[in-house]
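# Per-entry structural report
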Amino acid sequence: MEIIEKAPAKINLGLDVLYKRDDGYHELEMIMASVDLSDRLIFTPTNTNDIIIKTDNGFLPVDRKNNIYQAIDVMKKTYGLTQGVEVNLKKNLPVAAGLGGGSSDAAAAFRGVNRLFNLGATLEEMAELSVPIGTDIPYCLYGQTALVTGVGDCVKPLSHPMPQCWIVLVKPKISVSTPRVFSKIQVDSLSHPNIKAIYEAIENQDYQEMIQHLGNSLESYTMDVFPIVKYVKEKMLEFGADAAVMSGSGPTVLALCKKRSRAIHVANALKGFCDEVYLVRTLNR
C-alpha cells in the first residue's frame, strides 16, 4: 500500500510584521495562498520502525534535520505507531526560496501518515503538532487561501480562494535565511501593508482591488541586503506584470498577471536574468 501527497508552494500576497513578542518571535498578519507548483511525496509502510527518506535532491538532509522526518516522528510518538515509513520525495520546488517548500513537505508528511495508518487526526490537531517544527506548516496543512496570524499558527481560511490569475515565480540564485532576516529587522522602520484590504478584496473576488494592496514588510530589508531581489521586482513591472511582491523572507518574487499572454511575456523576459522561473496558476481553493 502506498499513499501519494502533493506539497504545493505557498505564496504571500500580504505579510505584515506587527511587533516582537515576549517569547522572541514576531507577531504576523498574512494573506497566504497556494499555487500549482508542487513536490510529490509517496509514503509506504515498512517492516521496521525506521523513518526512511529518499529524494532526488542531493542538497536535502534525509535524517532528523529534515522537516518530513520530524513530522513523521511526531505522528509516530503521538499516536503510538511502531511501524516505520519510507518516503520518496520528488522535489520540484526551489529550496530556501520563500515558497514554504520544506513546510509544505512536512504538511504532506502529516497528511500522508494520517491517511496511511487511518489515524483520524483532524487538521487542527496536526496543525497544533506542527508548530514546533515550522510556523508555515499549519497554513500548508490547510493549503487554501487564508488569513494567517500569530507566528503562523492561527489559520483562518477565507470563504473564497484568491481570484484566478497567472503567476510568475522568479528565484534569484541566492538563499535567504528567514531567522537571520527576523533577527535583523526593526519593526518601527518597516512598511505595513493593508492586510484587511487584501482580505476584503479576495472575499469580494475583486482582482484589481487585491493587486493594489499587495505588500511585504520584509521586502525592504531583503532588497537592501540582496539588490537582485529588487531588480527582479522592478523588471517584472517593467515587462508588464499587473503587480509584483516578494514571497516570505525571499528571495523569490512573484508577478501576478490576469492574462496568460502577459504572464508568458514576463516569464520569458525574466529567463534572461534568472535560471529558476516558473509560470503557474493559482489553486482554486
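Calculation rules
- Residues numbered from 1 in each chain as written.
- Predicted model: local features only at pLDDT ≥ 70, side-chain atom pairs only at ≥ 80, totals over all residues.
- Heavy atoms only, no water.
- UniProt positions renumbered as here; feature names shortened; annotations may be inferred.
- 1 Å grid on protein atoms, 1.4 Å probe; cavity = no way out; pocket = protein on both sides within 12 Å on 5 of 7 lines; lining within 4 Å.
- Helix = DSSP H or I, 4+ residues; strand = E, 2+ residues; numbered from the N terminus.
- Buried < 20%, exposed > 50% of the residue type's maximum accessible area, 1.4 Å probe, protein only.
- Salt bridge = Lys/Arg side-chain N within 4 Å of Asp/Glu carboxyl O.
- Contact = heavy atoms within 4.5 Å.
- Core = buried A, V, L, I, M, F, W, Y, C linked by side-chain atoms within 4.5 Å.
- Pairing = 2+ DSSP bridges.
- Axes fitted to C-alpha atoms, helices over the stretch in contact; angles between N-to-C directions.

## As for the UniProt feature "active site" (unreviewed entry) in the protein chain
As recorded in UniProt, the feature "active site" (unreviewed entry) lies at Lys10 and Asp136. These residues run over 127 residues, yet every pair of their C-alpha atoms falls within 9.0 Å of each other. As for the annotated residues, the ones lining the largest pocket are Lys10 and Asp136. Mapped onto the elements of the fold, Lys10 is located in strand β1 (residues 3–20). Using a relative accessible area of 3% as the deciding quantity, one classes Lys10 as buried.

## A closer look at the pattern of salt bridges
Pairing of side chains with opposite charge becomes possible as their charged atoms draw close. A full pass over the atoms with the stated rule returns 14 salt bridges. Here Arg115 makes a salt bridge to Glu5, at a shortest N to O gap of 2.9 Å. Linking Arg115 in helix α2 (residues 101–116) with Glu5 in strand β1, this pair joins segments that are 110 residues apart in sequence. Linked by salt bridges that have partners in common, Glu5, Arg111 and Arg115 make up one network.

## Some remarks on the UniProt feature "binding site: ATP" (unreviewed entry) in the protein chain
The sites that carry the UniProt feature "binding site: ATP" (unreviewed entry) are, in the present numbering, Pro94, Val95, Ala96, Ala97, Gly98, Leu99, Gly100, Gly101, Gly102, Ser103 and Ser104. The annotated residues that sit in the lining of the largest pocket are Pro94, Val95, Ala96, Ala97, Gly98, Leu99, Gly100, Gly101, Gly102 and Ser103. With respect to the helices and strands, Pro94 occurs in the loop between β4 (85–90) and α2. Setting aside its immediate chain neighbours within four residues, Pro94 contacts Leu37, Leu99, Lys171, Glu276 and Tyr278. Relative to the elements of secondary structure, Gly101 occurs in helix α2. Beyond its immediate stretch of four places on either side in the chain, Gly101 contacts Asp39, Lys91 and Leu93.

## Some words on the nonpolar core
One finds Val17, Phe43, Ile72, Met236 and Val266 to be the most contacted residues of the largest nonpolar core, which totals 69 residues. The element that contributes the greatest number of residues to this core is α2, accounting for seven residues. Ile72 has contacts with Phe43, Ile51, Val85, Val87, Ala109 and Val113, leaving out every residue within four places of it along the chain. Grouped together as the second largest cluster of nonpolar side chains are 31 residues, Leu158, Ile167, Ile211 and Val245 included.

## So, the pairing of strand β5 (residues 146–150)
Regular strands show a simple pattern: their side chains alternate between the two faces of the sheet. Counting buried positions along β5 yields four of five residues, so the element is predominantly enclosed. Of the pairings in the sheet, the one linking strand β2 (residues 26–45) to β5 comprises five bridges and is antiparallel in character. Its bridge partner lying in β5, Ile31 is registered against Leu147. Pairing of β5 with strand β6 (residues 154–157) involves four bridges; the strand directions are antiparallel. Bridge pairing in β6 links Ala146 to Pro157. The hairpin turn running from β5 into β6, its antiparallel successor, is three residues long, and Gly152 in that turn takes a positive phi close to 120 degrees.

## Details of the sheet that holds strand β10 (residues 253–257)
Taken in spatial order, the four strands line up as β9-β10-β7-β11 in an open sheet, and their pairing is antiparallel. The open sheet terminates on both sides in strands that have one partner only, identified here as β9 (243–246) and β11 (276–281). When the angles between neighbouring strand axes are averaged without regard to direction, this sheet yields 20 degrees. Direction of pairing for strand β7 (residues 166–171) relative to β11: antiparallel, over a ladder of six bridges. Residue pairing for β11: Val170 is matched across the bridge by Val277. Against the sheet, helix α9 (residues 227–238) contacts β7, β9 and β10, and its axis sits at roughly 10 degrees relative to β10.

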